[in-house]
Amino acid sequence: MRTAVITAPGQVEIREIPVPDVGDSEVLVRIAACGICTMEANLYAGRMNVYPAAAGHEISGWVEKVGAKAAGLEDMPAVGSLVTLDGLPRCGTCRACRRGQSAICVALQGQVREDGAIAMGAGLGEYIVLPASRVWSVGDTDPAVAAMGEPLACVVHSLRRGGFRAGDRVTVIGAGYMGQLHLAVARHLQARGVCVVERDERRLAAIAGAGADAAVTPADIGQLPPADVVFVTIASKESIASALAAVADGGTIVLFGGGPDGPPAELPGYEVHRRQLTVTGSFSHEPDDWRAAAELLRGGGLSERLETLVTARYALDEVEKALQQTAETPVYRVVVTP
């Protein structure tokens, strides 16, 4: 099978390796689509120093073979069905994993494959084998949308971390891809209202037509109703200041967005104390977030909206173009379809 490996900043190889064997509790999937996330863009741009990397962790595909033990499990996807995949491994033994907090597992990198590449999702290829517990059926949908299971699981995790409940007022800081997903999921889960704060005029115009009740620049936050939960999807000092201005007394701020060096947090302790604010972080996802994300995809209510977030599609032979576009150009989601 063919697989793409990022070998150094700005360098990608298409390698031929054997199709992996399938264990008793595993599933072999023929990859249908793989989204290019910030992690892959950072690897290609040299902002992450993990090489050679078999990257790509937003994956969908068709079940080719199910191991003997997995085949007898309830709700196991049948051969030929479309699935979304949890491509990032968890060790299961570190303190975080043992406490049920696998989102902050200390060993998010995968094992070194026989070809020497570090498996960091390994979705930029033709086949993948994963434990049956990390394969989720999504029904009949666009494979590029099914590949959004991983970012959707991250958004579900973010909503859980924020204590979101139906009827809450929500404000999203940042109208990029993850901001768009927060808007779509909060709206789908019956938020009372969802407002967005974005400084880029082009993105502001796009989000205004995507179901937001209001879309304003940071200078106009005062026009918005106070939010029960504010999701900060882009890391910056300005974003955190915007969140403090947008949140209602007694509300919650979720620091979702991160960067290579982390957000320069400036949280005024007295204001957090006096207003009884909750400030929390959200990173990655837990198994139950995947169950909820798969249900969102199966339900079909989000499919049309998610399809509009596919910026471009490339074949596996064009993976370098896909990485270049993601690393150099503002996009929502670029997808590789082997």
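Preceding this paragraph is the structure being described.
Please read these numbers as outputs of a predicted model, since none were measured by experiment.

Some thoughts on helix α4 (residues 149–161)
Okay, step 1: Between the first and last C-alpha of α4 there are 18 Å, a value that for 13 residues agrees with the 18 Å anticipated at 1.5 Å per step.
Okay, step 2: By the criterion of burial, α4 is predominantly enclosed, with eleven of the 13 residues buried.
Okay, step 3: If you check which residues of α4 are buried, you get Gly 149, Glu 150, Pro 151, Leu 152, Ala 153, Cys 154, Val 155, Val 156, His 157, Ser 158 and Leu 159.
Okay, step 4: Of the residues flanking the end of α4, it is Gly 163, one or two places downstream, whose phi is positive at about 65 degrees.

Quick look at unusual backbone geometry
Okay, step 1: Geometrically, the link from Tyr 51 to Pro 52 is a cis peptide bond, its omega value of -10 degrees lying close to zero.
Okay, step 2: Inspection of the secondary structure puts Pro 52 in the loop between α1 (38–45) and β4 (53–55).
Okay, step 3: In the Ramachandran plot, Gln 190 falls in the positive-phi region, its phi being about 70 degrees despite a non-glycine side chain.
Okay, step 4: Inspection of the secondary structure assignment puts Gln 190 in the loop between α5 (177–188) and β11 (193–197).

What about the sheet that holds strand β15 (residues 278–281)?
Okay, step 1: An order of β12-β11-β10-β13-β14-β15 is seen for the six strands of this open sheet, with the pairing classed as parallel. Of all strands in the sheet, those with a lone pairing partner are β12 (214–216) and β15, marking the two edges. For this sheet, the mean inter-axis angle between neighbouring strands, taken without regard to orientation, is 20 degrees.
Okay, step 2: Direction of pairing for β11 relative to β12: parallel, over a ladder of three bridges. Bridging from a neighbouring strand, Val 196 pairs with Ala 215 of β12.

Section: the pattern of salt bridges
Okay, step 1: Counted by the stated rule, this structure contains 16 salt bridges.
Okay, step 2: A salt bridge links Asp 289 to Arg 160; the nearest nitrogen and oxygen atoms lie 2.6 Å apart. Here Asp 289, found in helix α9 (residues 287–299), pairs with Arg 160, found in helix α4; they are 129 residues apart in sequence, far enough to count as distant.
Okay, step 3: A salt bridge links Arg 187 to Asp 213, with the nearest nitrogen and oxygen atoms 2.4 Å apart. Here Arg 187 is found in helix α5, whereas its partner Asp 213 is found in the loop between α6 (201–208) and β12, with 26 residues between them in sequence.
Okay, step 4: Residue Arg 187 is classed as partly exposed on the basis of its relative accessible area of 30%.
Okay, step 5: Judged by its relative accessible area of 48%, Asp 213 is partly exposed.
Okay, step 6: Taken together, the salt bridges that share partners define one network made up of Glu 13, Arg 15, Arg 113 and Asp 115.

Topic: the side chain of Thr 326
Okay, step 1: Structurally, Thr 326 can be placed in helix α11 (residues 319–328).
Okay, step 2: Ignoring sequence-local partners within four residues, the contact set of Thr 326 consists of Ile 36, Cys 37, Ala 41, Val 331 and Val 334.

Concerning the nonpolar core
Okay, step 1: One finds Val 170, Leu 181 and Leu 306 to be the most contacted residues of the largest nonpolar core, which totals 48 residues.
Okay, step 2: Every element with two or more residues in this core is listed here: α3 (143–146), α4, β10 (169–173), α5, β11, β13 (227–232) and α9.
Okay, step 3: If you tally residues by element for this core, the top one is α5, at seven residues.
Okay, step 4: Apart from the residues within four sequence positions on either side, Leu 181 is in contact with Pro 151, Leu 152, Val 155, Leu 306 and Leu 309.

Re the layout of surface pockets
Okay, step 1: Looking at the largest pocket, its volume works out to about 1500 Å³.
Okay, step 2: Cys 37, Thr 38, Met 39, Asn 42 and Gly 258 are the residues nearest the centre of the largest pocket, which is lined by 45 residues in total.
Okay, step 3: Sorting the residues of the lining of the largest pocket by element identifies α1, α4, α5 and α11 as the ones contributing at least two each.
Okay, step 4: Among the elements that line the lining of the largest pocket, the one with the most residues is α1, at four residues.
Okay, step 5: In this structure, the second largest pocket occupies an estimated 860 Å³ of space.
Okay, step 6: In terms of lining residues, the second largest pocket is bounded by 29 residues, among which Pro 20, Gln 111, Arg 113, Ala 119 and Val 129 are the most central.
Okay, step 7: Top contributing element to the lining of the second largest pocket by residue count: strand β8 (residues 127–131), with five residues.
Okay, step 8: Here the residues of the lining of the second largest pocket are counted per class, giving 16 nonpolar, six polar and seven charged.

Topic: the pairing of β10
Working note: regular strand, side chains alternate between the two faces of the sheet.
Okay, step 1: Along β10, four of the five residues are buried, which leaves the element largely enclosed by surrounding structure.
Okay, step 2: Pairing geometry for β10 and β11, over five bridges, is parallel. By the bridge assignment, Val 172 is partnered in β11 with Val 196.
Okay, step 3: Following the backbone out of β10, through α5 and into the adjacent parallel β11, one traces a crossover that is right-handed.

Structural notes on the environment of Thr 171
Okay, step 1: Relative to the helices and strands, Thr 171 is located in strand β10.
Okay, step 2: Residue classification places Thr 171 among the buried residues on the basis of a relative accessible area of 1%.
Okay, step 3: Setting aside chain neighbours within four positions, we find Thr 171 in contact with Cys 195, Val 197, Leu 224, Ala 227, Val 229, Val 230, Phe 231 and Ala 246.

Definitions and cut-offs
- Residues numbered from 1 in each chain as written.
- Predicted model: local features only at pLDDT ≥ 70, side-chain atom pairs only at ≥ 80, totals over all residues.
- Heavy atoms only, no water.
- Helix = DSSP H or I, 4+ residues; strand = E, 2+ residues; numbered from the N terminus.
- Expected span 1.5 Å × (residues − 1).
- Buried < 20%, exposed > 50% of the residue type's maximum accessible area, 1.4 Å probe, protein only.
- Pairing = 2+ DSSP bridges.
- Axes fitted to C-alpha atoms, helices over the stretch in contact; angles between N-to-C directions.
- Salt bridge = Lys/Arg side-chain N within 4 Å of Asp/Glu carboxyl O.
- Contact = heavy atoms within 4.5 Å.
- Core = buried A, V, L, I, M, F, W, Y, C linked by side-chain atoms within 4.5 Å.
- 1 Å grid on protein atoms, 1.4 Å probe; cavity = no way out; pocket = protein on both sides within 12 Å on 5 of 7 lines; lining within 4 Å.
- Points joined across faces, edges and corners; volume = space filled by probe spheres on them.
- Nonpolar A, V, L, I, M, F, W, Y, C, P; charged D, E, K, R; others polar.
- Right-handed = clockwise from strand over helix to strand, strands pointing away.

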